[in-house]
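A closer look at the structure
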Amino acid sequence: MPARLPEGFPSDFSFTSETAFEVIKSTKSHTQAQFSFSRVAASSPFYIVVNGIQHVVDSVDPTMSLNTFIRSLPGHKGTKLSCGEGGCGACTVLLSETSSSGDVKSFSVNSCLRPLVACYGKSVTTVEGIGSQKKGYNAIQSRLAEADGTQCGFCSPGFVMNMYSLLTNIENPTKEEVEKYFDGNLCRCTGFRPILDAFKSFATEDEASSTHKKCAGACGKAGTSSCKNACKLSSLGVPDIEELGLPQWEEHKYEAKHVVVSERLVPPPAFVKGGVQWLSPTSLADLYTVMAQNPNASFVFGHTSRGIFKDWNPSTFIDLQNVPELKGNSYVPNMNALSFGATTTIAEFQKSLVAYQNSTTLTDVQKSVLPELLYMVGRIAGTQIRNAASIAGNLTLANKHSFPSDLCISLIALGGTVTLGNSTGEKTIAIQDFVSADITGYVVKSISFSLGLPTMVYKTYKVAIRNVMAHSIVNSAFMATVAKDQVTNPPIIAFGNIRTKQARMPQTESVLMGGALSDVNTLQKALQTLSNELNVDQTIGRNQYRKNLALGMFYKFYLSLLPAGSVPPSIASGMTKFSRPVSSGQQSYQSDPKEAPVSEPIHKLKGHQQTSGEAQYTDDIPTPEGTLHGAFVLSTVASATIDTVDVTAALAYPGVVDWIDANDVPGKNVTDLQIPIFATSDINYCGQAIGMIIATTQKIANDAAKLVVVTYKNIQTPVITIEDALNANSFYPVEFKPVVLGDTDKGFEDSDYVVSGTFNLGGQFHFHMETHSALIIPGENNEIQAYIATQMSAALQSLIASVLNQPDNSIYVQVKRCGGGYGGKLANSEPMAAALAVAATKLGAPVRGVMDIDTQMYIFGRRPAHKADYSFGFMKDGTIKALTVNTYTEGGCAAADTMFIAQSMLSSIDSCYNIPNLKFVAHLMKTNTAPNTSVRGPGWTPAVHMMEHIMEHGASFLQMEPSAFKEMNFFKKGQSLPNGTVLSYWNMDTIWSQLKTTADYDNRLAAVNAFNVANTWKKKGLAIVPVRWAAGWAGDHHSALINVCSDGTVVVYHSGIEIGQGIDTKVAQIVAFKLGVPLTSITVLNHNNATSINAGATGGSVTSSLCCTAAYKACETLNERLAPIRSVLHMTGAGDLTWPELITKALAAGVNLSAQGDVFPPPGPLSAEIAYNSYSAAVQEVEVDIISGEIQLLRTDILFDAGVSLNPAVDIGQVEGGFVMGLGLVLTEEILYNTAGELITHNTWEYKPPSALDIPIDFRISLLKDAPNPLDIMSSKLSGEPPLCLSVVAVFAIQHAIRDFRAQTGQSVADFGLNTPVTVENAQLGCGITPEMFLLK
């Protein structure tokens, strides 16, 4: 049947669709379809099947992505577009292809990277194709929703489809296989634990993969899913509490079912459109001919490198997918080698290596190299990219670019070779030469490498910012044959990312040949030679660390050359790499059945719609006819004046409609961030918006925006960091009211000790998976319909009105949900919405825009960096007498948001500690960076981190156990904060003692100390931190509107916005409880500024509470109106009516069944700033590889006071998600700029939020029992932001581990402390290692 033209496509694009299959039989793990393409008359028609529907494209664009095509199809918005570079997994789909022999291969790919044209004749399965509300949900979709593994939901379809791919290929995966399969998927909300638990429910249960800890209890449940550690908790004096475990799904064999194509279509020789041609040779001879005819063409296979090298835009592609001679692998006995075809995917390569490892084809000696090679291959990119990318492509990146290929370095040490070919013949060269060779005119045909030999030692190493999906900071590979304490043949020592190309170290290799390995002098001579030979390239960055890593990796290798048992156990830990076990989690809570469904762990109401891809986000809204698209043009300097703007080339680009800049703004050209929507003269940061290109598609707008030429004058050296600002005396003229208590001078005078220090906390991007998007539709009488991914509709309404010079009532803002927020969709949502509104008004057409990740990270600010200079005095027994802190906050180029952050931080520094004499002073620094903004826990997070750093410093100085030092300085119940707040409900002492008991803190601390005594190069650390968080909501206006329909069903509107925090579910629970109706009868509809006028922003963790309070009030109004009806019926003896019957009677009596509840909180009952306090604490155990700086989070225990939780499933999810987001802040999310002020960490390849394999291995969350809060709705407390503060516990656990090493090696420890983020680099440099410390005894 004919299909309509996809949204936003040019008029010359057309295709037809028709049902093209009938399921007739079931095969191993997927249902195969007898399929025959229906041919159409066209010059080069393009065929593809999506969810069983054939699509025929008459004129396919070689530059169009599979993602763009899928999302253009009606009802196919579940496949998301987030990073657009293969770094997040939100776009994952299943791709199925059929070989000439009829074999079917199905695998997950990033649809954002896959060209549509590369899918000729293939079948694509999206999240809509495996299950839906109408068809019935797939078990994967259901389990993810029912395990509470979806919060904002934007990433959920990608996770679902990757799991579907795993079960398609492995019917019974182990839990380890499940976890490792998700190295290419990111989630910012959940902390990953519930996602992994949901998917591990499909895994086989065996001893090796079991996540349940064994205990000595007599309950008979030890090691089973029903074990709650109750006996252990009971023995520790802790009351038994419920476990928020996974639902007990019926066990059954999972069978993936999707449509595949049973015939293989040979693509036509070429697809040509828009000056770009895609050539598809089908044999090696054909390939050589095409190469000769197109000498400047670029080879393509998986197209994954486009995610990194985005400016790669060749005019001619040669697709290698259909050349059979480039596939396959073989064992070459006479060469003691394995050979692989060039287009073997990395995943196929990995699978083949495992097969060889498990086969009898090779001897054990030959197989000995495979585990090390597999280690390295498994750390290349993520699953989806390994499924698509070829081994030759990975090596070629090392040839064409300065790319630290893990495969390349691994094969160099195995004597790897590459065979190149063209029409004139073939040649074979060593991979170590290939990386620098001129291979113009050649194609890689095959790759070979040697297998193990007797007495051969082969080792590989990689260190990256994150455990997975991260480029190597340094990688290396080593090979040597050893006999009788000597290296018997020339070894190979190779490093990647030490120089711009992979490099051998021939001088060091020679040194290894000369002496006895057991002689430490041989080691030291080799280290000295290597240190001189490395010649670390200074342009790459992390220069000292890269040199340290190279020397450390060599030392690890050297230890492995020594005879087994000859290395002392304390040093032997230096040889090993971390091996991450399967993770596990425990969650506990308390419910009150009398309040059901409130306080019950209700799954998110729209969880199934999110996991099935049916939940609608802003960019999923159907595109109105005639819609245009916008893309910003950004400044490329950080401090200058605009000289000229030339848009000639951009306007000439096909599909471009107009250029919008400040001259087109009819009203105010400014946002609430105090920066112009479009810069007119001054440029204050690199990435500032200058104008916007308007075009017929988003891709055209994005491409044309790059053609705008801007020149600058008066270019100045930018001020980027706090240190830059201090040196330049660049302060905002803002006077913050200091926090002062007592007399600090007298306090210092009375102290036994006074110490001083400095602490630096880095910034953090929001990194919401849904990038900024908006759709603006102009209407009659100048009305504007604005669909915006925002956390603040009222502010957006007023902002757009002021920009357009129109009244507020002409602007209608609506948002169903956001794919994450964390503060990033507060004021940061304004520039896109305002610019699109200007364009829509000028052009009289709908205009929408979706930011790519680079633009988003360039244009918007983030959590600011902070610095604290402090002095504090204390007594010999540890009692703190005085503290002064001067804070410095990186404001960016405008201070609208950071003024609030700096002030709230100032009032929060004391945290949990009673300090009789204190003075806190804040300073706000002006820098040439984007205006910094609120990110989850904006003021409290740096305040807690600063104070805990100070407390750790004091404990270290006194050589006192930190938990004791902290506890003795806690506030006591009834004491007051510096602002006068009385701590009437203080319960930190209860939380502290209970957590230390349940976490077995004292025994584990003793075990950690014993481990550290026995090990030099691996160290463990254990830390505990408390958090007091002040909930503030004064003047935060929120409302709820509840309408009861004639059949008794209920429609709810409220002023909060669902951003993943579960607000809709909590509000519905309150309504169900108060009205006495089932949750299934309640619908929560879109947030808009008609039903929720003048609403406060969604943020600060209090919006759920306020909206629940407003809904509670509305229900009370309804119940008051219904009371007379109930009374009359009771007096007439009618008995109890059902709710629908009661509503029928009420309607007949003319009762108004629409009620509004409104909340406008006055200053809180405790003080003007504080409504109440939230308390929590965390214990963290870590292990640190001292040589590399790598870190494993072994176990996390959190005890969190949520009062009487409105929804334990939601609140535990907030605790887990907030904590893991905080781990990113303190460990991996480093922000870097170059000297010109350009952001370096502006996409997923440079900026690294935690992955599923970075979370705590053992993750235990408990909600405090018997802790009702009389100051919030139904005795509850907030949960969104305080857990993020707890993440600093990881810093101090690492600090303790490193301090132990420093003490062991005679370095200073009393004043030692780590700034954040504690990246692998900062951890290793903090260890203070010198090569002389590398010993053999």
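1. A few points about the overall build of the protein chain
From N to C terminus, the protein chain includes 38 helices and 48 strands. By the compact-globule yardstick of 34 Å for 1337 residues, the protein chain fits well, its C-alpha radius of gyration being 31 Å. A total of 1337 residues make up the protein chain; the buried ones form 63% of that total. Surface accessibility of the protein chain: about 45,700 Å² in total, with carbon and sulfur atoms responsible for 52%. Separation between the mean location of the 96 positive side-chain charges and that of the 117 negative ones in the protein chain comes to 4 Å.

2. Some words on the sheet that holds strand E28 (residues 682-683)
Spatially, the 3 strands line up as an open sheet ordered E28-E26-E30, and their pairing is antiparallel. Every interior strand has two partners, whereas the edge strands, E28 and strand E30 (709-713), have only one. Here strand E26 (residues 640-646) pairs with E30 via 5 bridges, running antiparallel. By the bridge assignment, Asp-646 is partnered in E30 with Val-709.

3. So, the nonpolar core
Residues Phe-199, Phe-495, Phe-554, Phe-632, Trp-1017 and Val-1071 are the most contacted members of the largest nonpolar core, which totals 288 residues. When sequence neighbours within four positions are dropped, the list of residues in contact with Val-1071 reads Ile-1042, Val-1050, Val-1052, Gly-1076, Val-1077, Ile-1082, Ala-1111 and Cys-1115. Membership of the second largest hydrophobic core comes to 50 residues, among which are Ala-392, Cys-408, Leu-414 and Ile-429.

4. Some points on the pattern of salt bridges
Under the counting rule described, the total for this entry stands at 45 salt bridges. The closest approach of N and O atoms between Glu-1190 and Arg-379, which form a salt bridge, is 4.0 Å. One end of the pair, Glu-1190, is in the loop between strand E46 (1172-1185) and strand E47 (1191-1200); the other, Arg-379, is in the loop between helix H10 (370-377) and helix H11 (383-388), and 811 residues separate them in sequence. The exposure class of Glu-1190 is buried, given its relative accessible area of 16%. Of the residues examined, Arg-379 reaches a relative accessible area of 11% and is grouped as buried. Note that Asp-1300 and Lys-1019 form a salt bridge whose closest N and O atoms lie 3.0 Å from each other. On the criterion of sequence distance, the pair formed by Asp-1300 in helix H37 (residues 1288-1304) and Lys-1019 in strand E40 (residues 1018-1031) is long-range, its members being 281 residues apart.

5. So, empty space enclosed by the protein
Using a probe with the size of a water molecule, rolled over the atoms, empty space left in the structure can be pinpointed. Overall, the coordinates contain 13 cavities of 30 Å³ or more when judged by the stated rule. Estimated volume of the largest cavity: approximately 230 Å³. Taken together, 19 residues make up the lining of the largest cavity; nearest its centre are Asn-467, Ile-1191, Leu-1227, Thr-1228 and Asp-1254. Among the secondary structure elements, those contributing two or more residues to the lining of the largest cavity are E47 and helix H35 (1208-1228). By residue class, the composition of the lining of the largest cavity is 11 nonpolar, 4 polar and 4 charged.

6. Notes on helix H30 (residues 988-998)
For the α-helix, the turn length of 3.6 residues means that residues three or four positions removed from each other point alike. Among the residues of H30, those classed as buried are Met-988, Ile-991, Trp-992, Leu-995, Lys-996 and Thr-998. Axial view of H30: buried residues confined to an arc of 170°, hence all on one face. Backbone geometry just downstream of H30 places Asp-1000 in the positive-phi region, at approximately 55°.

7. Points about the pairing of strand E34 (residues 784-788)
For E34, a buried count of 4 out of 5 residues is recorded, marking the element as mostly surrounded by other parts of the structure. In the sheet, strand E33 (residues 773-778) pairs with E34 via 5 bridges, with the strands oriented antiparallel. Residue pairing for E34: Pro-778 is matched across the bridge by Ile-784. In this antiparallel pair of consecutive strands, E33 and E34, the connection spans 5 residues, and Asn-781 shows a positive phi of 55°.

8. Some remarks on the sheet that holds strand E16 (residues 417-422)
Strands sit in the order E14-E15-E18-E16-E17 across an open sheet of 5 strands; the sheet is antiparallel. Of all strands in the sheet, those bounded by a partner on one side alone are strand E14 (329-332) and strand E17 (425-430). Geometrically, the sheet is characterised by an average inter-axis angle of 20° between neighbouring strands, direction not taken into account. Strand direction decides the pairing type here: E16 and strand E18 (residues 443-450), joined by 5 bridges, are antiparallel.

9. What to know about the state of the cysteines
Here the structure, examined in full by the defined rule, presents 0 disulfides. Considering cysteine sulfurs only, Cys-1115 is the nearest to Cys-1045, which forms no disulfide, with 14 Å between them. Accessibility expressed as a relative area gives 30% for Cys-1045, which makes it partly exposed.

10. Examining the confidence of the model for the protein chain
Mean pLDDT over the protein chain works out to 92, with 93% of the residues at or above the 70 mark. Low pLDDT, under 50, characterises residues 1-42; the stretch is placed with 125 contacts to residues that sit more than four places away or in other chains. Below pLDDT 50 for its whole length, residues 207-241 participates in 46 contacts with residues either more than four positions away or in separate chains.

11. With respect to the pairing of strand E35 (residues 811-815)
Most of E35 sits out of view: 4 of its 5 residues are buried. Pairing of E34 with E35 involves 4 bridges; the strand directions are parallel. The partner of Ile-784 across the bridge, within E35, is Ile-811. Handedness of the crossover joining E34 and E35 through helix H24 (residues 793-804): right-handed. Pairing analysis gives 2 bridges linking E35 to strand E44 (residues 1087-1088), with the strands arranged antiparallel. Across the sheet, Val-815 pairs through a bridge with His-1087, a residue of E44.

12. Here we look at unusual backbone geometry
Both trends apply: most residues other than glycine have a negative phi, and most peptide bonds are in trans. Of note, the bond from Ala-596 into Pro-597 is cis; its omega dihedral lies within 30 degrees of zero at 5°. Here Pro-597 lies in the loop between strand E24 (584-589) and helix H19 (607-611). Each neighbour pair has its own omega, and for Thr-1316 with Pro-1317 the value is 5°, a cis peptide bond. Mapping Pro-1317 onto the fold places it in the loop between H37 and helix H38 (1320-1327). Positive phi, normally seen in glycine, also occurs at His-303, with a value near 65°.

13. Quick look at the packing of aromatic side chains
Within this structure, the stated rule accounts for 40 aromatic pairs. For the ring pair Tyr-181 and Phe-182, a centre distance of 6.4 Å and an interplane angle of 75° mean the geometry is edge-to-face. Like Phe-182, Tyr-181 is buried. Seen in terms of ring centroids, Phe-349 and Phe-449 are 6.1 Å apart; in terms of plane orientation they differ by 75°. Their pairing is edge-to-face. Taken together, the residues span a long stretch of sequence, with Phe-349 in helix H8 (residues 346-358) and Phe-449 in strand E18 at a distance of 100 residues. With a relative accessible area of 2%, Phe-349 lands in the buried category. The exposure class of Phe-449 is buried, given its relative accessible area of 1%. Among the aromatic residues, ring-to-ring pairing joins Tyr-461, Phe-478, Phe-495, Phe-554, Phe-557 and Tyr-558 into one connected group. In this structure, Lys-577 is placed above the aromatic ring of Tyr-375, and the distance from its NZ or CZ to the ring centre is 4.4 Å.

14. Some details on the environment of Val-637
Residue placement: Val-637 occurs in the loop between strand E25 (628-634) and E26. Judged by relative accessible area, Val-637 falls into the buried class, the value being 14%. The spatial distance from the C-alpha of Val-637 to the C-alpha of Tyr-442 is 40 Å, given a sequence separation of 195 residues.

15. Considerations on the packing of helix H2 (residues 139-146) against helix H3 (residues 156-169)
At a minimum axis distance of 9 Å, the contact between H2 and H3 shows a crossing angle of 130°. Of the possible angle classes, the one that applies to H2 and H3 is oblique. For the crossing formed where H2 meets H3, the hand is right-handed. Only Ser-156, Val-160, Met-163, Tyr-164 and Leu-167 of H3 make contact with H2, whose side of the interface consists of Ile-140, Gln-141 and Leu-144. Residue composition of the contact of H2 with H3, by class: 6 nonpolar, 2 polar and no charged.

What counts and how
- Position numbers for residues count from 1 along each chain, tracking the sequence in the order it is written.
- At least 70 in pLDDT is required for a residue's local features to be given in this predicted model, at least 80 for side-chain atom pairs to be given and counted, and no such filter applies to totals for whole chains, interfaces and linings, which use all residues.
- Where side-chain values are given, they derive from all heavy atoms of the structure, hydrogens and water being excluded.
- Helix and strand labels come from DSSP, where a helix needs a run of H or I of at least four residues and a strand needs a run of E of at least two; each type is numbered from the N terminus.
- Radius of gyration here is computed from C-alpha atoms only, and the compact-globule reference equals 2.2 Å multiplied by the residue count raised to the power 0.38.
- Relative accessibility decides the category of a residue: with a 1.4 Å probe and only protein chains considered, values under 20% of the type maximum give buried, values over 50% give exposed, and everything between is partly exposed.
- A 1.4 Å probe and the Shrake-Rupley method give the accessible areas. Residues count as covered only by the protein chains that appear here.
- Charge counting follows a simple rule: Lys and Arg are positive, Asp and Glu are negative, and His as well as the terminal groups are ignored.
- Working definition for charges: the position is that of NZ of Lys, CZ of Arg, CG of Asp or CD of Glu.
- Two strands pair if DSSP finds at least two bridges between them.
- Definition used in this section: a nonpolar core is a set of buried Ala, Val, Leu, Ile, Met, Phe, Trp, Tyr and Cys residues joined via side-chain atoms within 4.5 Å.
- Whether two residues touch is decided by their heavy atoms; if any such pair falls within 4.5 Å, the residues are in contact.
- Within this document, salt bridges are pairs made up of a side-chain nitrogen of Lys or Arg and a carboxyl oxygen of Asp or Glu, the two lying within 4 Å of each other.
- Each cavity reported here is a set of points on a 1 Å grid over the protein atoms alone in which a 1.4 Å probe fits but cannot get out, each pocket an open set with protein on both sides within 12 Å along at least five of seven lines, and each lining residue one with an atom within 4 Å of a point.
- Grid points are joined across faces, edges and corners, and a volume is the space filled by probe spheres set on the points.
- All residues other than Ala, Val, Leu, Ile, Met, Phe, Trp, Tyr, Cys, Pro, Asp, Glu, Lys and Arg, Gly among them, are scored as polar; the first ten of these are nonpolar and the last four charged.
- Taking the helix axis as origin, the arc is that swept by the directions to the C-beta atoms.
- The axes used here are C-alpha line fits, helices contributing only the stretch in contact, and every angle between their N-to-C directions lies in the interval 0 to 180 degrees.
- Criterion for a disulfide: a pair of cysteine sulfur atoms at a distance within 2.5 Å.
- pLDDT is a residue-level measure of predictor confidence that goes from 0 to 100.
- By definition, the crossover connecting two strands over a helix is right-handed if that path, from the first strand to the second, turns clockwise as seen with the strands pointing away from the viewer.
- Stacked, edge-to-face and tilted labels apply to pairs of Phe, Tyr and Trp rings (six-membered ring for Trp) whose centres lie within 6.5 Å, assigned for plane angles under 30 degrees, over 60, and everything in between, in that order.
- For a ring to carry a charge above it, either NZ of a lysine or CZ of an arginine must fall within 6 Å of the ring centroid while also lying within 35 degrees of the normal to the ring plane.
- These descriptions rest on fixed angle ranges, namely under 35 degrees for roughly parallel, over 145 for roughly antiparallel, 65 to 115 for roughly perpendicular, and the rest for oblique.
- Crossing handedness is read from the near helix: turned anticlockwise from the far helix by less than a right angle, it gives a left-handed crossing, and turned clockwise, a right-handed one.

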